[in-house]
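Overview (structure and organization)
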Protein chains: 2
Amino acid sequence: MKRAEVIDYESRASRDDHQSLRLWLRFLACANLIERRVRRNLRVEFGTTLPRFDFLAQLQRHPMGLKMGEISERMMVTGGNVTGIADELVASGLVVREASRDDRRAYTVKLTAAGRRSFGDMARAHERWIVEFFAGLNSREKASMLEALAKLKRHAATSNGDGAA
Amino acid sequence: MKRAEVIDYESRASRDDHQSLRLWLRFLACANLIERRVRRNLRVEFGTTLPRFDFLAQLQRHPMGLKMGEISERMMVTGGNVTGIADELVASGLVVREASRDDRRAYTVKLTAAGRRSFGDMARAHERWIVEFFAGLNSREKASMLEALAKLKRHAATSNGDGAA
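Rules and cut-offs
- Residues numbered from 1 in each chain as written.
- Chains lettered and ligands numbered in written order.
- Predicted model: local features only at pLDDT ≥ 70, side-chain atom pairs only at ≥ 80, totals over all residues.
- Heavy atoms only, no water.
- Contact = heavy atoms within 4.5 Å.
- Buried area = accessible area lost by both parts, 1.4 Å probe.
- Salt bridge = Lys/Arg side-chain N within 4 Å of Asp/Glu carboxyl O.
- Polar contact = N/O pair within 3.5 Å; in protein donor to acceptor, adjacent residues only side chain to side chain.
- Helix = DSSP H or I, 4+ residues; strand = E, 2+ residues; numbered from the N terminus.
- Nonpolar A, V, L, I, M, F, W, Y, C, P; charged D, E, K, R; others polar.
- Pairing = 2+ DSSP bridges.
- Disulfide = S-S within 2.5 Å.
- Buried < 20%, exposed > 50% of the residue type's maximum accessible area, 1.4 Å probe, protein only.
- pLDDT = per-residue confidence, 0-100.
- Axes fitted to C-alpha atoms, helices over the stretch in contact; angles between N-to-C directions.
- Parallel < 35°, antiparallel > 145°, perpendicular 65-115°, else oblique.
- Left-handed = near helix turned anticlockwise from the far one by under 90°.

Examining the interface of chain B and chain A
- Contacts between chain B and chain A engage 62 residues on the former and 62 residues on the latter.
- Summing both sides of the interface, chain B and chain A together bury roughly 6,700 Å²; the carbon and sulfur share of this comes to 67%.
- The tally of links from chain B across to chain A stands at two salt bridges.
- For the salt bridge of A:Lys151 with B:Glu141, the shortest nitrogen-to-oxygen distance reads 2.5 Å.
- The tally of links between chain B and chain A comes to 20 residue pairs in polar contact (both at pLDDT 80 or more).
- Only α1 (3–46), α5 (113–133) and α6 (139–157) of chain B provide two or more residues apiece to the side of chain B that touches chain A.
- With 25 residues, the top contributor of residues to the side of chain B that touches chain A is α1(B).
- Taken together, the residues of the side of chain B that touches chain A sort by class into 32 nonpolar, 13 polar and 17 charged.

A short note on the sheet that holds strand β1 (residues 66–67) of chain A
Residue and element names in this part refer to chain A.
- Strand order in the open sheet made by the three strands is β1-β3-β2, with antiparallel pairing throughout. For this open sheet the edge positions go to β1 and β2 (95–99), each flanked by a neighbour on one side alone.
- Bridge analysis of β2 against strand β3 (residues 107–111) gives five bridges, and the strand direction is antiparallel. Its bridge partner lying in β3, Val96 is registered against Lys110.

Concerning the environment of A:Phe27
- Following the sequence through the fold, A:Phe27 ends up in helix α1 (residues 3–46).
- It is 28 Å that separates the C-alpha atoms of A:Phe27 and A:Phe46, two residues lying 19 residues apart in sequence.
- When neighbours within four sequence positions are excluded, A:Phe27 is seen to be in contact with A:Leu149, A:Leu152, B:Phe27, B:Cys30, B:Ala31, B:Met145 and B:Leu149.

Section: the state of the cysteines
- According to the stated counting rule, one finds zero disulfides over all chains in the structure shown.
- The cysteine A:Cys30 is free of any disulfide, with B:Cys30 supplying the nearest cysteine sulfur at 13 Å.

Remarks on the pattern of salt bridges
All names here are of chain B.
- As enumerated under the stated definition, the model contains 12 salt bridges over all chains in all.
- Among the salt bridges present, the one from Lys110 reaches Glu98, with a minimum N-O distance of 3.3 Å. In this pair, Lys110 is assigned in strand β3 (residues 107–111) and Glu98 in strand β2 (residues 95–99), connecting sequence segments 12 residues apart.
- By relative accessible area, which is 36% here, Glu98 ends up partly exposed.
- With a closest N to O distance of 3.0 Å, Asp121 and Arg124 form a salt bridge. Placement of both Asp121 and Arg124 in helix α5 is noted, with a separation of three residues, approximately one turn of the helix.
- Exposure remark for Arg124: the relative accessible area of 44% places this residue in the partly exposed category.

Regarding the confidence of the model for chain A
- When the pLDDT values of chain A are averaged, the result is 87; 85% of them are 70 or greater.
- Listed scores for the predicted complex are pTM 0.83 and ipTM 0.84.

Looking at the packing of helix α6 (residues 139–157) of chain A against α6(B)
- Where α6(A) contacts α6(B), the axes come no closer than 10 Å and their chain directions differ by 125 degrees. Between α6(A) and α6(B), the crossing angle belongs to the class labelled oblique. Read as a crossing pair, α6(A) and α6(B) show a hand that is left-handed. On the side of α6(A), the interface is formed by A:Glu141, A:Met145, A:Ala148, A:Leu149 and A:Lys151, while α6(B) contributes B:Glu141, B:Met145, B:Ala148, B:Leu149 and B:Lys151.
- By residue class, the composition of the contact of α6(A) with α6(B) is six nonpolar, no polar and four charged.

Rendered as structure tokens:
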């Protein structure tokens, strides 16, 4: 690449690329900020962690139970050791392990009645916090962000980032 | 709370609260999707990790160097053990440790010339990937998302989520 082309590439970059990069950094900053608050509130109000909450949320959506691998795949937050979380939740009586019907080597994890009750309390509080965090946006702004995120997700899901290389 | 009030609360919840919760879940899904792609590309193309990239990015923005605590605070991704990352980056010659001027017990970490070069290559590739991931949105949509995220961040920064309890 000649020097003039480099400069040309960089001046274009400073317009378009820079907008996307700024958007991604602001996006991450918002996600981190809200995630930190949610972690803190779960700890202070319920003595629990975000990975545990996330684990319970996946089971709540699947009353028939899930295998450990299915829970891992569905988790919204990273950094959780699903086996360790399952052990803790079994010990506190919120979930039970059952032999899997279709695979004798695997087992399924399900919420207990106490688990459903406990998760219900946390989920209501969590929803209240999220509503409060997003209260800086009005309903129209939220709707257009929902739409933009759907487009972003559709596009990013089919791209590995190398298309523009 | 009487039964009628519960139903009333829940029907309001299913409109407003539900929109915010859906927005947050979609937000997290997009952040996770893009972060996974970035991690994969850094590994495949540069044999490095997102926390290492993030660590170098903080040093690039602060040519005078940063203390370890300052790097931790500024990291955009979680799960990185900054001391371990610093050790690896020192071993590969990308950063150096220097005694801190204002605090003899602390030290400052700085990019070496090789570190600046290596980070420059990664940062250009990273910017290309991000541009490609966000290419599903046009410039106007990106501008309005940037603006909405700024409002979201301002509001969430001053709220601990309990205001709406």
